[in-house]
2 protein chains.
Amino acid sequence: MNVWTPYGWKIMRHVDTYIRKELDSTGHDEVYFPLLIPETEFNKEKEHIKGFDSEVYWVTHAGLNELDVRLVVRPTSETAMYPMFSLWVRSHTDLPLKTYQIVNTFRYETKQTRPFIRVREIHFFESHTCHASEEDAQEQIEEDIVILENIMKQLCIPYSLFVRTEWDKFPGAHYTVGLDTVMPNGRMLQIGSIHHYRTNFSIPYNITYEDADGKHEHVHQTTYGMSERLVGAMIGVHGDDKGLILPPPVAPFQTVIIPIISKGNADLIMKEAEKIKDMLISAGIRTKLDDRDERPGSKFFDWEIKGVPLRIELGIKDIENRAITFARRDNGEKGTISSEDVVPGVNMILEAICENMFNRAWERQRANVVTIDSLKVVPEMTLRFGWCGSEECGRRFEEENDLKLLGTPYVPEEFSGKCIICGKETDKAAYAARSM
Amino acid sequence: MNVWTPYGWKIMRHVDTYIRKELDSTGHDEVYFPLLIPETEFNKEKEHIKGFDSEVYWVTHAGLNELDVRLVVRPTSETAMYPMFSLWVRSHTDLPLKTYQIVNTFRYETKQTRPFIRVREIHFFESHTCHASEEDAQEQIEEDIVILENIMKQLCIPYSLFVRTEWDKFPGAHYTVGLDTVMPNGRMLQIGSIHHYRTNFSIPYNITYEDADGKHEHVHQTTYGMSERLVGAMIGVHGDDKGLILPPPVAPFQTVIIPIISKGNADLIMKEAEKIKDMLISAGIRTKLDDRDERPGSKFFDWEIKGVPLRIELGIKDIENRAITFARRDNGEKGTISSEDVVPGVNMILEAICENMFNRAWERQRANVVTIDSLKVVPEMTLRFGWCGSEECGRRFEEENDLKLLGTPYVPEEFSGKCIICGKETDKAAYAARSM
């Protein structure tokens, strides 16, 4: 289990803030459902429980008593929410029902855990929606993708959308869209997923509505989930040998001011540094003045590790020139801003940093794809190739190459070629990569 | 276990926002520690485990395996945090360490549960601090009380501070301050507590620091906890027979606009209502325009139940008079505001509502105390009386009267009289009440 220190937790909370902003502005309501789910509720959807029962923690005792009904520590909240949804949804006027929560969920990982990437206690965002029809649910998925785009712009994380294979979809889903990001080692990291459930859950959980004609129908459902893997992706995609590079929108400190003090001018420089700090903070820019009694070089080093996007240096020459010196963390670029323009100047540079990080990461994600027409594994690349769509060929490809078949593009792509396994003509491209 | 619906969760999140604001501005860092705590860590402080082992949920299995070490679902986080604190604190320069988290905690309640008041999954704020000396820790408690005052001003909840009796203090604490609010039925509800641990936890968890002279010392610790009982108290203290009355700072909607439409003027009124809504929202006032196709009276009723502090009515007469009509939820008072002054007028009334709710609640809390000098129970009152301080007299008083001895005032009070049980002269006043 992980401990979140203050600095990391601040980043996560900024990410949550962007998620909440997008969900709230698209008419989702934040809710909170219980962590502990009775086994009797958990077992209602057969595929779902099959997918999870080897991965959940079980509460079997409370105080000194053994429980009559064991409790599952939620791995995801379908089975906690849907018994209530069946009470909340009565009529077509109750639809769509759009809810989300940001909570701790749990998976009993037996593989080696890694911070942010594979953890046992997961900091999880999950939205759950109910709709009158399959088409309405499909529209929700389109909205989810716009939400994704908006959030990822702030986090500067690129992604690809793949419809997962039948044998890799979420347990109980009609289909699953995986959101994948290429990490610097070429491995693909799933940073989230969107699911269309059709009526697969509404039937066992009995979530029905009365339509305008008085007929009772089962709702169509979708879910959307992301976790602290977003932070893992951010660290992986942007970091360099000096440490983190944080996107300005989520950086706990967007800029750090380092006073460069030489003999006899400490008071003057500190006074000016305080003034600049106050100005930036008043303008809503998260600013740290590092007034520790350390060499500037050692301070540079500390804040580079922590990924602060913009460093401001302030020495006697800067004050004489009525300017500040800056250094960008994303590309090392240095320059000066005149004292009068500190706030608009810093804002402009922070925007430029964000844009550069976003574009650079997207270029890498796109450049990582290689189309192949024969069975050869190109290490560290995302492979694109023809696939007839059969499970047999798909599984054989995965096993022989020790790769994960990511699926087919969610946004259809033109393709004509042959299945890389069986050689059958196909107009379907599939993607594969090593996964994290 | 409780389900939080969107409306309730919004209130809780506003409460959390005020807690975070106070904690952040006093130099506390928000952190997040694991929910599941190995039994081996949980058992280190003997009093603590004695106080909790009949009240915790146990995870004994994960997937298909039985765990070697059982996991406690946190009832509170001392035993999760302090093994880490022992690594984080090295030197006196690391002190004070001030942290907090807002998380779900669990108690296996065997008594009847009640929403907000006695729940099994608790929405919990907990701060944990480490200090160089007992005095520094004591100063933290003084700061906690200022924090409390600031938060309660927003929530309009009055409180009394009692040093709990030895047999009622938190398991493992040196002493406990209970924060108590009188509910309308005269019962006392504990809405939070502050604990001074001295070195009771730092010894078993080995949290030490090197002082300026190179000597190793154990830290002194404090904690501070509050929960959704704050929402329970808010509902109980302020509500009336018509429903909730929410303090403006935490109300999901601070004002609701009800258009009073008569024949032929729907467009005009709705246009004006939209204009007022936009104006109020731009000014940061959480505003709902209720444009449902229902009678105004039925809308009044709905929003009264939900406790919206201020109702704005807008009919054709209001528009002709270039005014709006308002009704306060706290005292039913009605009046008008001229159209030009809507924003400052609404702000002023919201402030007046908050002040009135705060003062009214405090008056009731104070008026509920009755000083007695012989053993008689005054139902629905908080009793104040002399107590020699002995456990024997204290416990006898509790048992004979079926009351809870709340303790002695945290802020010392002048008193001279006799112990209500043994008759010994004493300068100590104690308080008692039925508890929720």
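First, a word on what this report is: a plain description of the structure on this page. (Residues numbered from 1 in each chain as written. Chains lettered and ligands numbered in written order. Predicted model: local features only at pLDDT ≥ 70, side-chain atom pairs only at ≥ 80, totals over all residues. Heavy atoms only, no water.)

It is worth spelling out the overall build of chain A at this point. Counting its secondary structure elements, chain A contains 11 helices and 23 strands. Along the first, second and third principal axes, the C-alpha atoms of chain A reach 80 × 60 × 50 Å. For chain A, the residues scored as buried account for 56% of the 436 residues in total. For chain A, the computed accessible surface area is about 19,000 Å², with 48% contributed by carbon and sulfur atoms. On chain A, the mean spot of the 52 positive side-chain charges and the mean spot of the 68 negative ones are 6 Å from each other. (Helix = DSSP H or I, 4+ residues; strand = E, 2+ residues; numbered from the N terminus. Buried < 20%, exposed > 50% of the residue type's maximum accessible area, 1.4 Å probe, protein only. Areas by Shrake-Rupley, 256 points an atom, 1.4 Å probe, with all protein chains shown as cover. Lys, Arg positive; Asp, Glu negative; His and termini not counted. Charge placed at Lys NZ, Arg CZ, Asp CG, Glu CD.)

Moving on: empty space enclosed by the protein. Applying the stated criterion to the full structure yields three cavities of 30 Å³ or more. The calculated volume of the largest cavity comes to roughly 390 Å³. Secondary-structure elements contributing two or more residues to the lining of the largest cavity are helix 1 (6–25) and strand 5 (97–106) of chain A together with helix 1 (6–25), strand 5 (97–106) and strand 6 (121–131) of chain B. Residue composition of the lining of the largest cavity, grouped by class: 10 nonpolar, five polar and nine charged. In this structure, the second largest cavity occupies an estimated 70 Å³ of space. (1 Å grid on protein atoms, 1.4 Å probe; cavity = no way out; pocket = protein on both sides within 12 Å on 5 of 7 lines; lining within 4 Å. Points joined across faces, edges and corners; volume = space filled by probe spheres on them. Nonpolar A, V, L, I, M, F, W, Y, C, P; charged D, E, K, R; others polar.)

All names here are of chain B. Strand order in this open sheet of five strands is 14-13-15-16-17, and the pairing throughout is mixed. The sheet terminates laterally at strand 14 (287–289) and strand 17 (334–338), the two strands that pair on one side only. With strand direction ignored, the average angle separating the axes of adjacent strands in the sheet is 25°. Sheet topology note: the strand 13 (residues 255–259)/strand 14 ladder contains three bridges and is parallel. Bridging across to strand 14, Val256 finds its partner in Lys288. Sheet strands touched by helix 10 (residues 342–367): strand 15 (310–314), strand 16 (323–328) and strand 17. Its angle to strand 16, the strand with the most contacts, is close to 10°. (Pairing = 2+ DSSP bridges. Axes fitted to C-alpha atoms, helices over the stretch in contact; angles between N-to-C directions. Contact = heavy atoms within 4.5 Å.)

Least-squares fitting of chain A to chain B yields an RMSD of 0.0 Å, with the transformation described by 0.0 Å of translation along the axis and a rotation of 180°. Seen this way, the second copy is the image of the first under a two-fold rotation axis. The C-alpha atom lying nearest the rotation axis in chain A is that of Val59 of chain A; the distance is 2.1 Å. (Least-squares fit on C-alpha atoms with pLDDT ≥ 70 in both.)

Here we come to the side chain of Asp318 of chain A. Residue and element names in this part refer to chain A. Summarising the element assignment, Asp318 is placed in helix 9 (residues 316–320). Buried within the structure, Asp318 lacks any salt-bridge partner; Lys317 is the closest side chain of opposite charge, at an N-O distance of 9.3 Å. Within the local environment of Asp318, its side chain forms a polar contact with the backbone nitrogen of Gly315, the two atoms lying 2.7 Å apart. Contact partners of Asp318, with chain neighbours within four places excluded, come to Glu313, Ala323, Ile324 and Thr325. (Salt bridge = Lys/Arg side-chain N within 4 Å of Asp/Glu carboxyl O. Polar contact = N/O pair within 3.5 Å; in protein donor to acceptor, adjacent residues only side chain to side chain.)

Between chain A and chain B, the residue contacts involve 40 residues of the former and 40 residues of the latter. Buried surface at the junction of chain A and chain B, summed over both partners, amounts to about 3,400 Å²; 64% is from carbon and sulfur atoms. Considering only the surface of chain A that becomes buried against chain B, Val3, Trp9 and Tyr32 of chain A emerge as the three largest contributors, covering 16% of it. At the boundary of chain A with chain B, the tally comes to four salt bridges. A salt bridge links Asp29 of chain A to Lys10 of chain B; its shortest N-O distance comes to 3.6 Å. Joining chain A to chain B, the criterion identifies 20 residue pairs in polar contact (both at pLDDT 80 or more). Residue assignment for the side of chain A that touches chain B shows that the elements contributing at least two residues are helix 1, strand 1 (29–30), strand 3 (57–62), strand 4 (65–73), helix 4 (78–88) and strand 5 of chain A. (Buried area = accessible area lost by both parts, 1.4 Å probe.)

Bringing the environment of Arg187 of chain A into the picture now. Residues and elements named next belong to chain A. Structurally, Arg187 is set in the loop between strand 8 (175–182) and strand 9 (188–198). On a C-alpha basis, the gap between Arg187 and Thr60 in space is 38 Å, while along the polypeptide they are 127 residues apart. Within the structure, the side chain of Arg187 is placed 3.2 Å from the backbone oxygen of Ser435, a separation counted as a polar contact.

In this section: the pattern of salt bridges. All names here are of chain B. The final tally for this structure, using the stated rule, is 58 salt bridges over all chains. Its salt-bridge partner being Glu313, residue Arg311 comes within 2.9 Å of it at the nearest N-O pair. With respect to class, Arg311 is no different from Glu313; both count as buried.

So, on to the pairing of strand 6 of chain B. Along a regular strand, successive side chains alternate from one face of the sheet to the other. All names here are of chain B. In terms of burial, strand 6 is a largely internal element, 11 of the 11 residues being buried. Burial along strand 6 is two-sided: Glu121, His123, Phe125, Ser127, Thr129 and His131 facing one way and Ile122, Phe124, Glu126, His128 and Cys130 facing the other are all buried. The pairing of strand 5 with strand 6 spans 10 bridges and is classified as antiparallel. Its bridge partner being in strand 6, Leu97 is matched across the sheet by Cys130.

The next thing to look at is the packing of helix 1 of chain A against helix 6 (residues 229–238) of chain A. Residue and element names in this part refer to chain A. Contact pair helix 1 / helix 6: the axes reach a minimum separation of 10 Å and the direction vectors enclose 115°. In terms of their interaxial angle, helix 1 and helix 6 are classed as roughly perpendicular. Classified by chirality, the crossing of helix 6 by helix 1 is right-handed. For the pair helix 1 and helix 6, the contacting residues are Ile11, Met12, Val15 and Ile19 in the first and Leu230, Val231 and Met234 in the second. (Parallel < 35°, antiparallel > 145°, perpendicular 65-115°, else oblique. Left-handed = near helix turned anticlockwise from the far one by under 90°.)

Bringing the pairing of strand 8 of chain A into the picture now. Residue and element names in this part refer to chain A. Most of strand 8 is tucked away, with eight of its eight residues classed as buried. Note: strand 7 (residues 160–163) against strand 8, four bridges, orientation antiparallel. Its bridge partner lying in strand 8, Leu161 is registered against Leu179. Sheet topology note: the strand 8/strand 9 ladder contains eight bridges and is antiparallel. Its bridge partner lying in strand 9, Val177 is registered against Ile194.

What follows covers the side chain of Thr181 of chain B. Positionally, Thr181 of chain B belongs in strand 8 (residues 175–182). A distance of 2.6 Å separates a polar side-chain atom of Thr181 of chain B from the backbone oxygen of Pro158 of chain B.

Formed by 52 residues in total, the largest nonpolar core has its most connected members in Val15, Ile19, Met152, Leu179, Ile191, Met226 and Leu230 of chain A. Per element, the largest residue contribution to this core is eight residues, and it comes from helix 1 of chain A. Contact partners of Ile19 of chain A, with chain neighbours within four places excluded, come to Ile102, Phe125, Ile151, Met226 and Leu230 of chain A. If you look at the next biggest cluster of nonpolar residues, it comprises 49 residues, including Tyr32 of chain A together with Trp9, Phe125 and Ile145 of chain B. (Core = buried A, V, L, I, M, F, W, Y, C linked by side-chain atoms within 4.5 Å.)

What follows deals with the sheet that holds strand 2 (residues 36–38) of chain A. Consider a sheet: its strands pair through backbone hydrogen bonds, and that pairing is either parallel or antiparallel. Across the sheet, six strands lie side by side as 2(A)-4(A)-3(A)-3(B)-4(B)-2(B); this open sheet has antiparallel pairing. Every interior strand has two partners, whereas the edge strands, strand 2 of chain A together with strand 2 (36–38) of chain B, have only one. Pairs of neighbouring strands in the sheet enclose a mean axial angle of 45°, with direction left out of account. When strand 2 of chain B meets strand 4 (residues 65–73) of chain B, the two strands line up antiparallel, connected through three bridges. The residue bridging Ile37 of chain B from the neighbouring strand is Val72 of chain B, located in strand 4 of chain B.

What follows concerns the packing of aromatic side chains. The tally for this structure, following the rule as stated, stands at 46 aromatic pairs over all chains. Taken together, a centroid distance of 5.3 Å and an interplanar angle of 70° make the contact between Trp4 of chain A and Trp9 of chain A edge-to-face. With a relative accessible area of 7%, Trp4 of chain A lands in the buried category. Of the aromatic side chains, those joined through ring pairs into one cluster are Phe33, Phe52, Tyr82, Phe85, Trp88, Phe170, Tyr197, Phe201 and Tyr205 of chain A. Directly above the aromatic system of Trp58 of chain B lies the positively charged group of Arg70 of chain B, at a separation of 3.8 Å from the ring centroid. Over the face of the ring belonging to Trp387 of chain B we find Lys428 of chain B, whose NZ or CZ atom lies 5.8 Å from the ring centre. (Phe/Tyr/Trp six-rings, centres within 6.5 Å; stacked < 30°, edge-to-face > 60°. Lys NZ or Arg CZ within 6 Å of the ring centre and 35° of its normal.)

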